[in-house]
Amino acid sequence: NEVFATRKDGSVLPIRIQGRTIDHFGKKIRVTAMSDITDQKNAEEEKEKLTKQLLQAKKMESIGLMAGGVAHDLNNILSGIIGYPELLLQTLPEDSKLKKPIEAIRESGQRAAAVVADLLTVARGVATVYEVHNIHELIQEYFDSPESDKVKSLHPEVLYKQKFIATHPDICCSSVHVKKCIMNLVINAAEAIGEKGTIVVSTHNQKNDDLAGSEQKMAGKEYVVLSVQDSGSGIADSDLEHIFEPFYTRKEMGKSGTGLGLAVVWNTMEDHDGKVSVESSNTGTCFKLYFPVNREKRRVQSDKTETEQSTDSNEHILVVDDEEQIRDIASQMLLNFGYTVHSVPSGELAIDFVKKNPVDLIVMDMLMKPGMNGYQAYKEILKVYPEQKAIIASGFSESNDVKAAIQIGAGAFIKKPYSMDQLGRVVKEVCNR
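What this report covers is the structure whose coordinates are included nearby. Predicted model only: the values in this text are computed from it and were never measured.

1. Considering the overall build of the protein chain
Phase 1: When its secondary structure is counted, the protein chain shows 12 helices and 15 strands.
Phase 2: Out of the 433 residues belonging to the protein chain, those deemed buried represent 42%.
Phase 3: Of the roughly 24000 Å² that the protein chain leaves accessible, carbon and sulfur atoms contribute 51%.

Quick look at the structure:
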């Protein structure tokens, strides 16, 4: 039998009691042995915890694969819903009655693209750029954003506080994903409070020296810990082990969210070699995000967001995509910038085209069926023109082939659906190198 015993100091320890009967010079004697099984219990609990984490990781991976495939197809569809309205708005007069509904179509497409971006984050390995940022600046950028203003307008009696204690606040990260995590946690905190209450967003540095078991990979590393604490009613114990699963939500689906918010947080932290933890009681909930500290020199960030349209460009650009609609959208956008544009529907035709008609830049889709993908086609083109400039485009993630294309010379990666401004900026940047 296993029982719990109480020491003199009040602490509790697990004990195993084993008994057996022995023959002692003709007498039957009952012998009882007691042993402290604390270490065994700790090992069993750690094993159970690791098993749950492994099952959770496998579940997230399976859902991620499904989400990634869906996201790729949706992004190709959304390219038309976002791209064509943008092209139409370029030609409409300011007083046109069509302007408002077309803007509404474009905005709806952008909102759908934001949901797909969350799906891609759940899929993991999403194409993005990691740079060194000050986490305090990222927090402030979120609180200065329209998204933050909307949350504050919906919850006017919630008080928002910031406490920046971290003395080493630099992290190597995708700023878009970190700010998305902050936004999701603040929204959840505000909704958990309901009416009056307080949300505290704070930071501090923490070095994990003595960690074992499932947390051993974090031992000896220094972290910036971003905490979001609310004064709400807490999360039920039955929900705690499920809150990071995609589409798991206690809210009204479609009204309060998609059920992807915390899944995005979990996957973002996995992609950043960090960790997310949560503590909750009837007096509130605290989420903590652990980002590895980066002590390298920070990169200078550019605030430039607009692209000046060129009306006298001499560059010839080839658009390669198996989707006719996307070829048309990209071509029209680039024509508006003054470039000379050609397009073909496959990697094989792209190779044939540039052999006969050299171009300054190729905008190459990565996934094209059937036939060559973007990396394979670009590798063959480099055999003919070793200095050929290219941009890789995809509605999915930064796959190994995308990374390989960048390594052999592609100047940039652009994720679909892209806006005219995004396409113009990246094309101008690569052409000018």
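Anyway, onward from the coordinates.
2. What about unusual backbone geometry?
Phase 1: For the bond from Lys369 to Pro370, the omega torsion is -10°, close enough to zero to count as cis.
Phase 2: Looking at the secondary structure, you find Pro370 in the loop between strand S13 (361-365) and helix H10 (374-384).
Phase 3: In this structure, Pro417 follows Lys416 across a cis peptide bond, with omega equal to -5°.
Phase 4: Within the secondary structure layout, Pro417 lies in the loop between strand S15 (412-415) and helix H12 (420-431).
Phase 5: Positive phi is not limited to glycine here, since Asp273 has a value of about 55°.
Phase 6: Mapping Asp273 onto the fold places it in the loop between helix H7 (261-271) and strand S9 (275-281).
Phase 7: On the basis of relative accessible area, Asp273 is assigned to the exposed category, the value being 60%.

3. With respect to the packing of helix H3 (residues 135-143) against helix H5 (residues 175-193)
Phase 1: One way to put it is that H3 packs onto H5 with a least axis distance of 10 Å and a crossing angle of 60°. Here H3 lies oblique to H5, going by the angle between them. Taken as a pair, H3 and H5 cross one another with a handedness that is right-handed. Along its contact with H3, which presents Leu138, Ile139, Glu141, Tyr142 and Phe143, the element H5 presents Ser175, Val178, Lys179, Ile182, Met183 and Val186.
Phase 2: Residues of the contact of H3 with H5, tallied by class, amount to 8 nonpolar, 1 polar and 2 charged.

4. A short note on the packing of helix H9 (residues 347-356) against H10
Phase 1: Contact geometry of H9 with H10 gives a least axis separation of 9 Å together with a crossing angle of 15°. With respect to H10, the axis of H9 lies roughly parallel. For the pair H9 and H10, the crossing hand works out as right-handed. From H9, Gly347, Ala350, Ile351, Val354 and Lys355 reach across to H10, where they touch Ala377, Glu380, Ile381 and Val384.
Phase 2: A class-by-class count of the residues in the contact of H9 with H10 yields 6 nonpolar, 1 polar and 2 charged.

5. Examining the nonpolar core
Phase 1: The biggest cluster of nonpolar side chains holds 36 residues, and the ones touching the most others in it are Ile199 and Leu289.
Phase 2: Listing elements by their share of this core, those giving two or more residues are H3, strand S5 (158-164), strand S6 (170-173), H5, strand S7 (197-208), strand S8 (221-230), H7 and strand S10 (284-292).
Phase 3: Examining the composition of this core, we find that 9 residues originate from one element, H5, more than from any other.
Phase 4: Leaving out residues up to four positions away in the same chain, Leu289 has contacts with Cys181, Leu185, Val224, Val225, Leu226, Val265, Met269, Lys275 and Val276.
Phase 5: Within the second largest apolar cluster, 24 residues are counted, among which are Ile317, Leu361, Ile391 and Val426.

6. Considering the sheet that holds strand S2 (residues 12-24)
Phase 1: Taken in spatial order, the 3 strands make up an open sheet running S1-S2-S3, and their pairing is antiparallel. Each edge of the open sheet carries a strand with a single partner, namely strand S1 (2-6) and strand S3 (27-36). Taking each pair of neighbouring strands and ignoring which way they run, the sheet shows an average axis angle of 40°.
Phase 2: The pairing of S1 with S2 spans 5 bridges and is antiparallel. Directly across from Ala5, in S2, lies its bridge partner Leu13.

7. Describing the pairing of strand S14 (residues 389-394)
Phase 1: Summarising burial for S14: 5 of the 6 residues are buried, a large majority.
Phase 2: In this view, the connection linking S13 to its parallel neighbour S14 by way of H10 has right-handed handedness.
Phase 3: The pairing of S14 with S15 spans 4 bridges and is parallel. The residue bridging Ser394 from the neighbouring strand is Lys415, located in S15.

8. Considerations on the environment of Gly234
Phase 1: Assignment of secondary structure puts Gly234 in the loop between S8 and helix H6 (237-240).
Phase 2: For Gly234, a relative accessible area of 28% corresponds to the partly exposed category.
Phase 3: Sequence separation between Gly234 and Cys286 is 52 residues; the distance between their C-alpha atoms is 9.1 Å.
Phase 4: Once residues lying within four places of it in the same chain are set aside, the contact partners of Gly234 are Ser280, Ser281, Gly284 and Thr285.

9. Observations concerning H5
Phase 1: In this model H5 runs 27 Å from its N-terminal to its C-terminal C-alpha over 19 residues, within 8% of the 27 Å that 1.5 Å per residue would give.
Phase 2: Ser175, His177, Val178, Cys181, Ile182, Met183, Asn184, Leu185, Val186, Ala189, Ala190 and Ile193 are the residues of H5 that are buried.
Phase 3: Backbone geometry just downstream of H5 places Gly194 in the positive-phi region, at approximately 85°.

10. Some points on the sheet that holds S5
Phase 1: Strand order in the open sheet formed by 5 strands is S5-S7-S8-S10-S9, with mixed pairing between adjacent strands. If you trace the sheet from one side to the other, it starts and ends with S5 and S9, each paired once. Averaged over all pairs of adjacent strands, the angle between strand axes in this sheet comes to 20°, irrespective of strand direction.
Phase 2: Judged from the 10 bridges that link them, S7 and S8 form a sheet pairing that is antiparallel. Counted as the bridge partner of Val201 is Val228 from S8.
Phase 3: Seen against the sheet, H3 touches S5, S7, S8 and S10 and runs at an angle of roughly 160° to S5.

11. Some remarks on the pattern of salt bridges
Phase 1: Inspection of the entire model under this criterion finds 9 salt bridges.
Phase 2: The closest approach of N and O atoms between Lys28 and Asp23, which form a salt bridge, is 3.9 Å. The same class applies to Lys28 as to Asp23, namely exposed.

Reading the values: the criteria
- Residues numbered from 1 in each chain as written.
- Predicted model: local features only at pLDDT ≥ 70, side-chain atom pairs only at ≥ 80, totals over all residues.
- Heavy atoms only, no water.
- Helix = DSSP H or I, 4+ residues; strand = E, 2+ residues; numbered from the N terminus.
- Buried < 20%, exposed > 50% of the residue type's maximum accessible area, 1.4 Å probe, protein only.
- Areas by Shrake-Rupley, 256 points an atom, 1.4 Å probe, with all protein chains shown as cover.
- Axes fitted to C-alpha atoms, helices over the stretch in contact; angles between N-to-C directions.
- Parallel < 35°, antiparallel > 145°, perpendicular 65-115°, else oblique.
- Left-handed = near helix turned anticlockwise from the far one by under 90°.
- Contact = heavy atoms within 4.5 Å.
- Nonpolar A, V, L, I, M, F, W, Y, C, P; charged D, E, K, R; others polar.
- Core = buried A, V, L, I, M, F, W, Y, C linked by side-chain atoms within 4.5 Å.
- Pairing = 2+ DSSP bridges.
- Right-handed = clockwise from strand over helix to strand, strands pointing away.
- Expected span 1.5 Å × (residues − 1).
- Salt bridge = Lys/Arg side-chain N within 4 Å of Asp/Glu carboxyl O.

Taken by themselves, the reported measurements are silent on function.
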